[in-house]
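Remarks on the overall topology
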Amino acid sequence: MLMLVTLSNLFGSLAFGNSLVTYFFKYKMPEISIAGFVLGPLTLTTVYGAITYAPSFLGMIFADKLKVKFGGYRNLLIFIQICTIVGKVLAWIIGFEGNNILIGMLIMAVCSIPSGAASIAQTSLFCDSVDYMEWKTGKRTEGVTFAMQTFFTKISSGITGSLATLSLSILGYVAVEDVEGAVYLGTQTQAFENWIWPLTMLTPAIAAVLYIIPLLLIKYTPEQKAQVEKELAERRAKAETIE
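Attention in this report is confined to the structure presented alongside it. (Residues numbered from 1 in each chain as written. Predicted model: local features only at pLDDT ≥ 70, side-chain atom pairs only at ≥ 80, totals over all residues. Heavy atoms only, no water.)

1. Some words on the overall build of the protein chain
Along its length, the protein chain carries 11 helices and two strands. In the protein chain, the succession of α and β elements from N to C terminus is α-α-β-β-α-α-α-α-α-α-α-α-α. Its C-alpha atoms give the protein chain principal-axis dimensions of roughly 80 × 35 × 30 Å. Here the protein chain holds 243 residues, and 40% of them are scored as buried. Across the protein chain, the fraction of contacts at a sequence separation of at least 24, relative to all contacts at a separation of at least 6, is 76%. With the model as given, the accessible surface of the protein chain reaches about 13,000 Å², and the carbon-plus-sulfur share is 67%. (Helix = DSSP H or I, 4+ residues; strand = E, 2+ residues; numbered from the N terminus. Buried < 20%, exposed > 50% of the residue type's maximum accessible area, 1.4 Å probe, protein only. Contact = heavy atoms within 4.5 Å. Areas by Shrake-Rupley, 256 points an atom, 1.4 Å probe, with all protein chains shown as cover.)

2. Comments concerning the nonpolar core
Core analysis: the largest hydrophobic core is formed by 25 residues, its most contacted members being L20, F24, F25, M29, Y48 and I101. For this core, the secondary structure elements donating two or more residues are α2 (21-28), α3 (41-53), α7 (100-111), α9 (142-170) and α10 (190-216). Not counting the four nearest positions on each side in its chain, M29 is found in contact with F24, L44, F96, G98, I101 and L185. Of all hydrophobic cores here, the second largest spans 23 residues; its members include V5, F126, L215 and I218. (Core = buried A, V, L, I, M, F, W, Y, C linked by side-chain atoms within 4.5 Å.)

3. Overview of helix α1 (residues 2-12)
Within an α-helix, residues lying three or four positions from one another point in the same direction, as the helix has 3.6 residues per turn. For α1, the complete set of buried residues consists of L2, V5, T6, S8 and N9. On an axial view of α1, the arc spanned by its buried residues comes to 155°, and they lie on one face. Where α1 is buried, its residues touch α8 (118-137), α9 and α10. (Arc of directions from axis to C-beta.)

4. Looking at the pattern of salt bridges
Under the definition given, this model contains seven salt bridges. Note that E193 and K28 form a salt bridge whose closest N and O atoms lie 3.0 Å from each other. Of this pair, E193 sits in helix α10 while K28 sits in helix α2, and the two are 165 residues apart along the sequence. Looking at E193, the relative accessible area reads 17%, which means it is buried. Shared partners join several salt bridges into a network, and the residues in it are D131, E134, R140, E142 and R236. (Salt bridge = Lys/Arg side-chain N within 4 Å of Asp/Glu carboxyl O.)

This is the structure:
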């Protein structure tokens, strides 16, 4: 279970398109007008992040209720990834021309609501793996388990950043000096123009598909979890009695 969840996290690091959002807004949509207000690329990036990720706070609040609704945290994680796939693919299909970008943001915002529960669900599965290993071997490995979690989180961050940098290099990205009032449209290569939007939207969707695969191999049912916890409690009570 520990290895499968870790593998899912590594697949999730392939969502490097999330790191390309600023480049997309700067060179494809340097500014848009909303209700008479002109928003520049940096402001648009902030607005994008606020709209598409802020709703995930609700998922964090209602994580326990979502767990019950979906029959466990494994199933909840799968549902979260499905929501990511749907949101990103629909946003890509709708496109970014005109106000379409705002429609896409709203769709991704709705689809991101349950994602706030992801870190809670993962931590719960790591805890389950500790219990399961103790049940099977008689040894608890919290230290190793959570050190491994932290280690692979750093590795995942490194993979995401490296892939984002590599993709920009392949697309022939050319850094353009920021000048007040500058318009950045048409300053990049044709490959960049063609691929920055699909990479921004679809790599997170592809990563989400891959993320699901290891989770499907976890067969730790709520019934087995209850059995493991019950037997561990009995063992500890017996050990305390002997002492």
